[in-house]
Amino acid sequence: MRKHWVYGVLAVELTAVLVFAVLYDSLDFRIYMLGGHAIEGGSRLYLEQLSHHWYTNTPFMAALFIPLSAVPLTIARVAWQLASVAAFAWACVSSMRLAGYRTTRRTVAIAVVAGMVLEPMWHSIFLGQVNMFLMALVMADIWRVSRRRPAGIGIGIAAAIKITPAIFVVLLLVTGRIKAAVTASVTFAVCSLAAFAIAPGASRLYWRHTFYDTSRVGVTYISNQSPFGAAARIMKGVDNVGGWYQAIPLTVAVLGLALAVSWARRSDWLAAAAVTGVTGLLVSPISWAHHWVWVAPALLVLLRNGSRVIAGCGYVLFVLSPLWWTPHGGAPMQYGFHGPLTMVANCYLVAGACFLAHMAFRLRDEPGAAAPEPLPEPESRRPALL
């Protein structure tokens, strides 16, 4: 019976998600649903607030919710939340295969049970967010890339839903996966054009103005764990962050992608994906706490590499999420630099930077990429996760 404890815990988690989905009106999911209604009204999608918030996602994301918005809200929300957990499981399977672990029902269940306790995962459920779907699409494509199979559609769809996964198109390009990069780019274009055909006015407004307009969200809110968010809090406002800041995301993008390429050349696509995902979070001006779902493949990389203490510390950090313990919501101590308190308030950002530094340091201990990529190992010969 002790071998099956994980299924009992998984059942408890799924029941909790189900009950929560029935009882709680998740804000972001409600906005998604309202976006499905508003996109058919032209530019209204980006000109009027939905449920007292601006719609900040792409027109394609809103177009996807046109059929779903016809379903009663509670039914749609329950289906969405359960599908989010399934998407996370799918991402776990792809990540574990990339790590060389055997994907049995038990090992996948263990990964899901442990992963759903991480704050970015349950926060995504709390808000009804799309993050786990995006990670599942990207990781499925990275798995196919690692086996030199046709890929790119998943990454293209993810980028069309939310712009930040487009960094994986750049990864494909700079690692020489030209066909996959073209496929992803064409998929992105097709999805965006389909949304344009549905709502040309909203699409023009989004791509000309809205997609880079950070004034529609609270940049200084503690949940924004990007370098831009940290700089805005430390300097007491977005307007006090000068033009010098533009060099930071550019530098991080170049160094992060170079690091990801180095791991890809060593045929380690899990490391390349984790590094790219974290780099995208550090490059984006808005990286909410629930965007940090990329901690899951990052922790798996650390475990596989034998860095168990670092992985354990990272796991505890993202379970406890101490950034929420610091002054926020407009409290005076939220602004300015206050030594250790500021480090804790930006702990996801600090953890992301430390992860990239650790992966750069690990390159010294890894062999080069002179040999061709190995053929897929039979499933039965791969090591189990636990």
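Description of the structure in this document. Note that the structure is a prediction, hence the values are computed from the model and not measured.

**Structural notes on the environment of E48**
Reasoning step 1: By secondary structure assignment, the location of E48 is in the loop between α3 (44-47) and α4 (59-68).
Reasoning step 2: Separated by 10 residues in the primary sequence, E48 and A38 have C-alpha atoms spaced 9.1 Å apart.

**What to know about unusual backbone geometry**
In most cases, non-glycine residues show a negative phi, while peptide bonds are predominantly trans.
Reasoning step 1: Unlike most non-glycine residues, H52 shows phi in positive territory, near 70 degrees.
Reasoning step 2: Note on placement: H52 falls in the loop between α3 and α4.
Reasoning step 3: At S321, a position not held by glycine, the phi torsion is positive, near 50 degrees.
Reasoning step 4: The exposure class assigned to S321 is buried, which follows from its relative accessible area of 3%.

**Describing the packing of aromatic side chains**
Reasoning step 1: Considering all chains together, one arrives at 23 aromatic pairs under this definition.
Reasoning step 2: Across from the ring centre of W54, 4.3 Å away, lies the NZ or CZ of R216, which sits over that ring.

**Some points on the pattern of salt bridges**
Reasoning step 1: Under the criterion given, the structure shown has 5 salt bridges.
Reasoning step 2: With a shortest N-O distance of 3.6 Å, R77 and D25 are connected by a salt bridge. A residue pair is termed long-range when its members are at least 10 positions apart, and R77 in helix α5 (residues 73-99) and D25 in the loop between α1 (5-23) and α2 (27-38) qualify at 52 residues.
Reasoning step 3: Residue class for D25 comes out partly exposed when judged on its relative accessible area of 32%.
Reasoning step 4: Residue E48 pairs with R44 through a salt bridge whose shortest N-O separation is 3.6 Å.

What counts as what
Residues numbered from 1 in each chain as written. Predicted model: local features only at pLDDT ≥ 70, side-chain atom pairs only at ≥ 80, totals over all residues. Heavy atoms only, no water. Helix = DSSP H or I, 4+ residues; strand = E, 2+ residues; numbered from the N terminus. Buried < 20%, exposed > 50% of the residue type's maximum accessible area, 1.4 Å probe, protein only. Phe/Tyr/Trp six-rings, centres within 6.5 Å; stacked < 30°, edge-to-face > 60°. Lys NZ or Arg CZ within 6 Å of the ring centre and 35° of its normal. Salt bridge = Lys/Arg side-chain N within 4 Å of Asp/Glu carboxyl O.

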